[in-house]
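# Residue-level structure breakdown
Chain by chain, the residues run as shown.
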Amino acid sequence: MNLSVVVPLLNEEASLEELYSRIRKVCTEAGLSYDVWFVDDGSTDNSWEIIQVLRSQNEHIHGIRFSRNYGKSQALHAAFSRVEGEVVITMDADLQDFPEEIPELYRMVTEENYDIVSGWKKKRYDNVMTKNMPSKLFNAAARKVSGVFLHDFNCGLKAYKKQVVKSIDVYGDMHRYIPVLAANAGFRRITEKEVQHQARLYGASKFGTERFIRGFLDLITLWFVSRFGGRPMHFFGAGGTLMFIVGFFSALWLGISKLMEMSKGVYGNLIARNPWFYIALTMMLMGTMLFIAGFLGEMIIRTNREHKNYHIDQII
Ligand code: UDP
Ligand code: MG
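Here is what the cut-offs are and how they apply
- Residues numbered from 1 in each chain as written.
- Chains lettered and ligands numbered in written order.
- Predicted model: local features only at pLDDT ≥ 70, side-chain atom pairs only at ≥ 80, totals over all residues.
- Heavy atoms only, no water.
- Near = heavy atom within 4 Å.
- Polar contact = N/O pair within 3.5 Å; in protein donor to acceptor, adjacent residues only side chain to side chain.
- 1 Å grid on protein atoms, 1.4 Å probe; cavity = no way out; pocket = protein on both sides within 12 Å on 5 of 7 lines; lining within 4 Å.
- Sits in = over half its atoms within 2 Å of the grid points.
- Nonpolar A, V, L, I, M, F, W, Y, C, P; charged D, E, K, R; others polar.
- Points joined across faces, edges and corners; volume = space filled by probe spheres on them.
- Helix = DSSP H or I, 4+ residues; strand = E, 2+ residues; numbered from the N terminus.
- Donors = N, O, S within 2.8 Å, 3.2 Å for Na, K, Ca; no water.
- Buried < 20%, exposed > 50% of the residue type's maximum accessible area, 1.4 Å probe, protein only.
- UniProt positions renumbered as here; feature names shortened; annotations may be inferred.
- Axes fitted to C-alpha atoms, helices over the stretch in contact; angles between N-to-C directions.
- Left-handed = near helix turned anticlockwise from the far one by under 90°.
- Contact = heavy atoms within 4.5 Å.

The name recorded for the protein chain in an unreviewed UniProt entry is Glycosyltransferase involved in cell wall bisynthesis, from Riemerella columbipharyngis.

Quick look at the structure:
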């Protein structure tokens, strides 16, 4: 199969039929063999009924229904583990993305050999204050932290080589950072393509402004995990050991000077009156805790060792 189209959706009953007929039209005209995976992420409207009807009329359609709303990342994950197409294209269900972009995206992945082609809504039709402005900031931060140079990380319209979606683990709210996850997994041929965008025709956006707060927290996690996730001891252990050593020698020095004082016959000076006493104590305690945190991290990695954190390109 040439192509699998993955569509995560939550309460999008009004657009599904049109979306599918447009996907079918462009794929047929381009001569692509394809299937479409609708993932119903716990809709409470008629979305699932519509998917069932579409499926009964059409062998190109697959449907996955979640028992409740788990989130877009989980919806993508469920489809990614099942798709068979050589190229996988994700697309929002709300018709803000244009199915007509599919053939060009497909061509860029197959002929220009990109691992990921990410859509870039250069001209956006969303609210300027609540979406476009914060989104610019958010993308700038994501570029800076991740080193992946995309204008529009969160665009729902993206094309991947099959290998990419099979190698990455989209969890939490990480759908915003799939290109970063992929880059961390070693897929470096990432590019973007300007895509058309239009205002939502039906329904409302499923993400409020809290998306930016979550997005930034996820970005920090991602940065941290990609730097130290595989070796927590290097972060916690190094800091912890250093602190402990400083604390220990300060305490030692305090003890020795106290003994020297006593040998000179001076008794009244309590060691606890010296601020260094508290600094040394805190440093030793914090150092030990950091060290333990790093150690526990290493142990957790050890028990999860079957979790693949490398990606093999070729074996001959
Ligand atoms: N979506 C989903 N699960 C959710 C939230 C959203 O599957 O918990 C789907 C939604 O139906 C749409 C896509 O993710 O197909 C993008 O959502 P939306 O259009 O609301 O986001 P926006 O365009 O405002 O960024
Ligand atoms: Mg949308």
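Now that the structure has been shown, the text picks up again.
Turning our eyes to something else, we now look at the site of ligand 1. In the vicinity of ligand 1 lie 18 residues, with Asp-41, Asp-94, Lys-131, Ser-205 and Lys-206 positioned nearest. Within the contact set of ligand 1, an oxygen atom lies 3.3 Å away from a backbone nitrogen or oxygen of Leu-9. Between ligand 1 and the protein, one listed contact pairs an oxygen atom with a side-chain N or O atom of Arg-211 at 3.1 Å. Here ligand 1 occupies the second largest pocket. Taken together, the residues of the shell around ligand 1 sort by class into five nonpolar, four polar and nine charged.

Left-over empty space is what a probe sized like a water molecule reveals as it rolls over the atoms. Space inside the second largest pocket adds up to approximately 670 Å³. Lining of the second largest pocket is provided by 36 residues; of these, Lys-72, Asp-92, Lys-206, Phe-207 and Arg-211 occupy positions nearest its centre. At the level of elements, β1 (3-9), α3 (72-80), α5 (128-146) and α8 (210-228) are the ones that each hand at least two residues to the lining of the second largest pocket. Broken down by element, the lining of the second largest pocket gets its largest block of residues, four residues, from α8. Classifying every residue of the lining of the second largest pocket gives 10 nonpolar, nine polar and 17 charged.

Okay, the coordination of the magnesium ion (ligand 2) next. Within the protein, Asp-94 (OD) and Gln-96 (OE1) serve as the donor atoms for the magnesium ion (ligand 2), at 1.9 to 2.0 Å. Take Asp-94 and Gln-96: they sit in the same class, and that class is buried.

As enumerated under the stated definition, the model contains one cavity of 30 Å³ or more in all. Within this model, the largest cavity holds a volume of roughly 80 Å³. As for the largest cavity, its lining consists of 13 residues, of which Lys-72, Leu-76, Cys-155, Gly-156 and His-175 are closest to the centre. Broken down by secondary-structure element, the contributors of at least two residues to the lining of the largest cavity are α3 and β6 (158-161). Counted by class, the lining of the largest cavity contains six nonpolar, four polar and three charged residues.

With numbering matched to this structure, UniProt assigns "transmembrane region" (unreviewed entry) to residues 235-256 and 276-301. Secondary structure within residues 276-301 divides into 100% helix and 0% strand; the distance between the first and last C-alpha atoms comes to 37 Å.

Moving on to the packing of helix α1 (residues 16-30) against helix α2 (residues 47-57). Between α1 and α2, the least distance of the axes is 10 Å, while the angle of their chain directions is 35°. In this structure, α1 crosses over α2, and the sense of that crossing is right-handed. In contact with Leu-16, Glu-17 and Tyr-20 of α1, α2 contributes Ser-47, Ile-50, Ile-51 and Leu-54. Its residues assigned to classes, the contact of α1 with α2 comprises five nonpolar, one polar and one charged.

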